[in-house]
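Spelled out from the first residue to the last, the chains are:
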Amino acid sequence: MNDRFLDNWATQLRKGMLELGVLNAIEGTNLYGYDIVRKLRDIKGLVISEGTIYPILSRLKREGFVRTTIKESTEGPARKYYELTSKGEKILSQMNDYWTDIKTGTDILKGGKKL
Amino acid sequence: MINLTDDAKKNLDNYLQQVRICLKDCQTVDTDEVEQNIKEHIESELQGSPKPISFDSLNDILKKLGSPQQWLPEEEIAWWRKVILRLRTGPEDWRLAYISFGLLFLSVIFFICGTVTVSLLLVLTSFCLSRAALSAGTIRDDLGAQKCLIYPSLIIVYLTICGFPLLWPVFLLGANKAPWNRWDETVYWMIAYMFKGVAVGLYYFILVSIYKIGAKFFHIIFRPFAEKINQKYINWLLVIILILTILCLIAGIFMFEDQNREWYIYLSEKLR
């Protein structure tokens, strides 16, 4: 019962954190899909199946937070590169602030101090 | 595309085929884009690997990518597929809830077809599964949409158990033929109803008192409905029943005294 509870909780947490992770990974740079996957899979517990990154990238593109450009590659066929739009930078800033607030508050609670 | 063995190529084609099937009616995702992403990912992952790429090497990559179904956005999954997914992988309380409702639905079909015994067995099984779903879902306070699946069989069985004890006094209050035809009919009925009211009032008073004393027991038996009854309302109910019973008794006695004289006359004539 405890494992199932933990799994359910972790799944819900990952759903929100993956989007933040993807946006933070792309910020200030130009990456293609596999590069983003490689960056994120090093974070323990964040990526369970690597295929979940690509639908997130598609959704972020639909929302207007990222744009794609096709660039020729010396290592194989042309690759699709992702970068943040100005709208994406703005939402990322808001998400990071929100995450900082939650993390700070949670750390305080964990330490037994009052908010 | 990178160089794959025949087995690996078949495996990849099979995977892509399943992805295309999953995304067939999807409105928001471009299937070609997804396929391109998958191929690009595999090529990047296996760039430095010895060629041709073996079945096992490719399979490892596909396992890390995830099942073909996970490429379909959650909001695009058809309702029937969500039901099947819930039954196969969902939390136990939801699976039990779906099966319980399914059995109840079947019981209705059997009942309409005239197979009452089978229908009854299905209702009882559905009831047991609903109780199990309630127990499995006790992590959350609010059952949410599960109520619609679990409650029907619970309500049917609980009403059947409680129906007779709660409703039979209503029939007691029904009309009976007056044995004394010398009496004024209206007055007789009123007196009879008053004393019947006293009897029914006492009965309900005792019933509600038993519930109040054994509340915990009844909460277990009639989960989750009995738990929602506020004890404050039970106390008020007892007071109201008591007041009505006393009023019926007083009214009955007064009316009976009024008719007393005629009753003595009638008895005297009968005994002569």
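Structure first, text after, so check above.
What comes next is a walk through the structure.

### Structural notes on the overall build of chain B
(1) Moving on: The helix and strand inventory of chain B stands at ten helices and zero strands.
(2) Moving on: Beginning at the N terminus, the succession of helices and strands in chain B can be written as α-α-α-α-α-α-α-α-α-α.
(3) Moving on: Taking all 272 residues of chain B together, 35% fall into the buried category.
(4) Moving on: Residue pairs in contact within chain B that sit at least 24 positions apart in sequence constitute 66% of those at least 6 positions apart.
(5) Moving on: Element-wise, carbon and sulfur atoms account for 67% of the exposed surface of chain B, whose accessible area totals about 17100 Å².

### Some thoughts on the packing of helix α2 (residues 31–45) of chain B against helix α3 (residues 55–65) of chain B
Residue and element names in this part refer to chain B.
(1) Moving on: Packing of α2 against α3 brings their axes to within 11 Å, and their N-to-C directions diverge by 125°. Considering the angle they form, α2 stands oblique to α3. Taken as a pair, α2 and α3 cross one another with a handedness that is right-handed. Contacts between α2 and α3 involve I38, H41, I42 and E45 from the first element and L58, I61, L62 and L65 from the second.
(2) Moving on: Its residues placed into classes, the contact of α2 with α3 shows six nonpolar, one polar and one charged.

### Describing the interface of chain B and chain A
(1) Moving on: Taken together, the contacts link 18 residues of chain B with 24 residues of chain A.
(2) Moving on: Carbon and sulfur atoms make up 44% of the area that chain B and chain A hide from each other, which totals about 1900 Å².
(3) Moving on: Taken together, the links from chain B to chain A amount to two salt bridges.
(4) Moving on: Between E33(B) and K80(A) there is a salt bridge whose closest N-O contact spans 3.0 Å.
(5) Moving on: Counting every contact that joins chain B to chain A gives seven residue pairs in polar contact (both at pLDDT 80 or more).
(6) Moving on: Those elements that place two or more of their residues in the side of chain B that touches chain A are α2 and α3 of chain B.
(7) Moving on: A per-element tally of the side of chain B that touches chain A places α2(B) first, with seven residues.
(8) Moving on: Across the side of chain B that touches chain A, the residue classes tally to four nonpolar, seven polar and seven charged.

### A closer look at the pattern of salt bridges
(1) Moving on: Evaluated as defined, the whole model comprises ten salt bridges over all chains.
(2) Moving on: Across the pair E50(A) and R41(A) runs a salt bridge, and its minimum N-O distance is 2.9 Å.
(3) Moving on: Owing to a relative accessible area of 6%, E50(A) belongs among the buried residues under this scheme.
(4) Moving on: Its relative accessible area of 28% is what places R41(A) among the partly exposed residues.
(5) Moving on: Several salt bridges share partner residues, and in doing so they unite R41(A), E50(A) and E45(B) into one network.

### Some details on the environment of S153(B)
Residues and elements named next belong to chain B.
(1) Moving on: Mapped onto the elements of the fold, S153 is located in helix α7 (residues 146–172).
(2) Moving on: Taking the C-alpha atoms as reference, S153 lies 9.3 Å from L103; in sequence the two are 50 residues apart.
(3) Moving on: Within the local environment of S153, its side chain forms a polar contact with the side chain of S126, the two groups lying 3.3 Å apart.

### Digging into the packing of helix α1 (residues 6–22) of chain B against α2(B)
Residues and elements named next belong to chain B.
(1) Moving on: Where α1 meets α2, the axes come as close as 10 Å, and the angle between the chain directions of the two elements is 150°. It follows that α1 is roughly antiparallel to α2 by the angle criterion. The way α1 lies across α2 gives a crossing that is right-handed. Judged by residue contacts, L12, Y15, L16, V19 and R20 of α1 engage T31, V34, E35, I38, K39 and I42 from α2.
(2) Moving on: Here the contact of α1 with α2 is composed, by residue class, of seven nonpolar, one polar and three charged.

Definitions and cut-offs
- Counting from 1, residues in each chain are numbered in the order their sequence is written.
- Starting at A for chains and at 1 for ligands, labels are handed out in the order in which the entities are written.
- The predicted origin of the model limits local features to residues at a pLDDT of at least 70 and limits the giving and counting of side-chain atom pairs to 80 or more, whereas totals for whole chains, interfaces and linings rest on all residues.
- Each side-chain value is derived from all of the structure's non-hydrogen atoms; neither hydrogens nor water enter the calculation.
- Starting at the N terminus, helices and strands are each numbered in turn, a helix being any DSSP run of H or I of at least four residues and a strand any DSSP run of E of at least two.
- The cut-offs for exposure are 20% and 50% of the maximum accessible area for each residue type, with area from a 1.4 Å probe on protein chains only; residues under the lower value are buried, those over the upper are exposed, and the others partly exposed.
- Contact criterion: two residues are considered in contact whenever any of their non-hydrogen atoms come within 4.5 Å of each other.
- To measure how exposed things are, a 1.4 Å probe is used in the Shrake-Rupley method; for residues, cover is taken only from the protein chains shown.
- Lines fitted to the C-alpha atoms define the axes, with helices restricted to the stretch that makes contact. Angles between their N-to-C directions range from 0 to 180 degrees.
- For classification purposes, angles smaller than 35 degrees are called roughly parallel, those larger than 145 roughly antiparallel, those between 65 and 115 roughly perpendicular, and all remaining angles oblique.
- By definition, turning the near helix anticlockwise from the far helix through less than a right angle yields a left-handed crossing, and turning it clockwise yields a right-handed one.
- Gly counts as polar in this scheme, as do all residues outside two lists: the nonpolar Ala, Val, Leu, Ile, Met, Phe, Trp, Tyr, Cys and Pro, and the charged Asp, Glu, Lys and Arg.
- Accessible surface is computed with a 1.4 Å probe, and the buried area is the amount of it that two parts give up when combined, taken over both parts together.
- We count a salt bridge whenever a side-chain nitrogen from Lys or Arg sits within 4 Å of a carboxyl oxygen from Asp or Glu.
- Think of a polar contact as two N or O atoms within 3.5 Å of one another; within protein, one of them needs to be a possible hydrogen donor and the other a possible acceptor, and neighboring residues in sequence only count if both atoms come from side chains.

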